[in-house]
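# Residue-level structure breakdown
Listed here are the chains, written in short residue letters.
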Amino acid sequence: MADTEDGPGQQPELDEDGGAACPRWGAQHAGARELAALYSPGKRFQEWCCVILCFSLIAHNLVHLLLLARWEHTPLVMLGVVAGALVADFLSGVVHWGADTWGSVELPIVGKAFIRPFREHHIDPTAITRHDFVETNGDNCLVTLLPLLNMAYKFCTQSPEALEQLYPWESFVFCVMIFGTFTNQIHKWSHTYFGLPPWVTLLQDWHVILPRKHHRIHHISPHETYFCITTGWLNYPLEKIGFWRRLEDIIQGLTGEKPRADDMKWAQKIK
């Protein structure tokens, strides 16, 4: 049976005597249990701080953007929304590909804090649906903090005339940050098959955000394609040109490191 995403019908592997061995998927997988146990109180505190600060900055910047809005900005703002979604989708792919493909949970600081969730996700894809809002979005809030702080600083220090000139650019940056902040929430929804609000399923069906069926392609082992998880718009073209494989070949040639070696190690844990 193919190593698929998170639908029903998954079967445990059999040991040499024909008995049920450790499952190769789900919350009972040995590697999944070990990875879940590495989620620490310190990590939780970091996520809370990032979520509070990030959404405070989003509210601050949105108020200023609305106060500065003019009808003549509309075409460029609409263009900025689409461009922001594309840029956020590509950046989500770069981060997702990097954390999926390289590094190790044993790396100092970043291993347990940031690479661990990616390793857990491949052997327990539904774990993300059991995470609350803070755990789901804390890391993305951390990533978007600096651009949001920079934007807030401009709104507090620049003259109205300068902000008028900067408005289309700042609107684009704000859209990138919004899509980026909510990327993992969108990712979580792509694994949630029951109880989603109708407006979320509508956005998925229209492919405004990552659709559930579309994301299943990434979860076919060895998880080497369709890394973009904001809208998923760039997955097909990047796959057609072999973008990720070319990058992996270059990095492997330069470093000798094998792609997804750490990911496979965790997937193969049985005790």
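Rules used throughout
Residues numbered from 1 in each chain as written. Predicted model: local features only at pLDDT ≥ 70, side-chain atom pairs only at ≥ 80, totals over all residues. Heavy atoms only, no water. UniProt positions renumbered as here; feature names shortened; annotations may be inferred. Salt bridge = Lys/Arg side-chain N within 4 Å of Asp/Glu carboxyl O. Helix = DSSP H or I, 4+ residues; strand = E, 2+ residues; numbered from the N terminus. Buried < 20%, exposed > 50% of the residue type's maximum accessible area, 1.4 Å probe, protein only. Phe/Tyr/Trp six-rings, centres within 6.5 Å; stacked < 30°, edge-to-face > 60°. Lys NZ or Arg CZ within 6 Å of the ring centre and 35° of its normal.

Looking at an unreviewed UniProt entry, one finds the chain named Plasmanylethanolamine desaturase 1, with Trichechus manatus latirostris as its source organism. The UniProt entry for the chain carries the following text under Subcellular location (unreviewed entry): "Membrane".

Before going further, it helps to spend a moment on the pattern of salt bridges. Oppositely charged side chains can pair when the atoms bearing their charge come close. By the definition in use, this model includes eleven salt bridges. Of the charged contacts in the structure, one is a salt bridge between K43 and D139, with a shortest N-O distance of 2.4 Å. Linking K43 in helix α2 (residues 41–68) with D139 in helix α5 (residues 133–157), this pair joins segments that are 96 residues apart in sequence. In terms of burial, K43 and D139 fall into one category: buried. Across the salt bridge formed by D124 and R130, the nearest N and O atoms sit 2.6 Å from each other. Taking the relative accessible area as the measure of exposure, D124 reaches 2% and is therefore buried. One network of salt bridges, in which partners are shared, links E106, R119, D262 and K265.

A full pass over the atoms with the stated rule returns nine aromatic pairs. The interplanar angle of 50° and the centroid separation of 5.8 Å between the aromatic rings of F55 and F133 together place this pair among those described as tilted. Highlighted residues: F55 in helix α2 and F133 in helix α5, separated in sequence by 78 residues. Residue F133 is classed as partly exposed on the basis of its relative accessible area, which comes to 38%. By the ring-pair criterion, three or more aromatic residues cluster together here, those being F90, W97, W102, F227, F243 and W244. One cation-aromatic arrangement involves R212 over Y193; the distance from NZ or CZ to the ring centre is 5.5 Å.

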